[in-house]
Amino acid sequence: MHFLVPGYFRMLIPAWLRRERLLVAVSGAAEVVVGALVLVPCSRPAGGWAAAALITCYLMSHVDALRRARPDRPRRLERPAGAVARLVMNILYIAWAVAVARS
């Protein structure tokens, strides 16, 4: 999805990180590689750990979104409850990735 709707992913990157286009492209490519690792049984543990590391990197985006969240924002994910939901989902994804790595 990083390559199909890059504008959405660019707005998820905290402004202080800059270079949004590059970060979206690199993270999209990393997700493709990590996904391939998870799909292949012999590389699944390494893929799980790589996924956990990659998803952990995304935490800064979700924490930043929570910091900037306001109840009057038009998008639900930009409101406090939405930002908390994003953060919780990210943590659950990390737990999934660790479970895959350990299996």
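Here the structure is shown first, and the text comes after it.
Residues numbered from 1 in each chain as written. Predicted model: local features only at pLDDT ≥ 70, side-chain atom pairs only at ≥ 80, totals over all residues. Heavy atoms only, no water.

K.L.:
Teacher, can you tell me more about the overall build of the chain here?
P.N.:
On a plain count of helices and strands, the chain comes out with five helices and zero strands. When the helices and strands of the chain are read in sequence order from the N terminus, they spell out α-α-α-α-α. Each principal axis of the C-alpha atoms in the chain carries an extent, and together these give about 50 × 25 × 20 Å. Split into buried and exposed, the 103 residues of the chain put 30% on the buried side. Considering only intrachain contacts with a sequence separation of at least 6, the fraction spanning at least 24 residues in the chain is 54%. (Helix = DSSP H or I, 4+ residues; strand = E, 2+ residues; numbered from the N terminus. Buried < 20%, exposed > 50% of the residue type's maximum accessible area, 1.4 Å probe, protein only. Contact = heavy atoms within 4.5 Å.)

K.L.:
Quick question: what am I supposed to make of helix α5 (residues 80-102) here?
P.N.:
Since the α-helix advances by 3.6 residues per turn, residues separated by three or four positions end up pointing in the same direction. In this model, α5 (23 residues) spans 33 Å end to end at C-alpha, consistent with the 33 Å of a helix rising 1.5 Å per residue. Taken residue by residue, α5 has G82, A83, R86, L87, N90, I94, A97, V100 and A101 as its buried positions. Turning to α5, the residues buried within the fold contact α2 (20-39), α3 (44-57) and α4 (59-68). (Expected span 1.5 Å × (residues − 1).)

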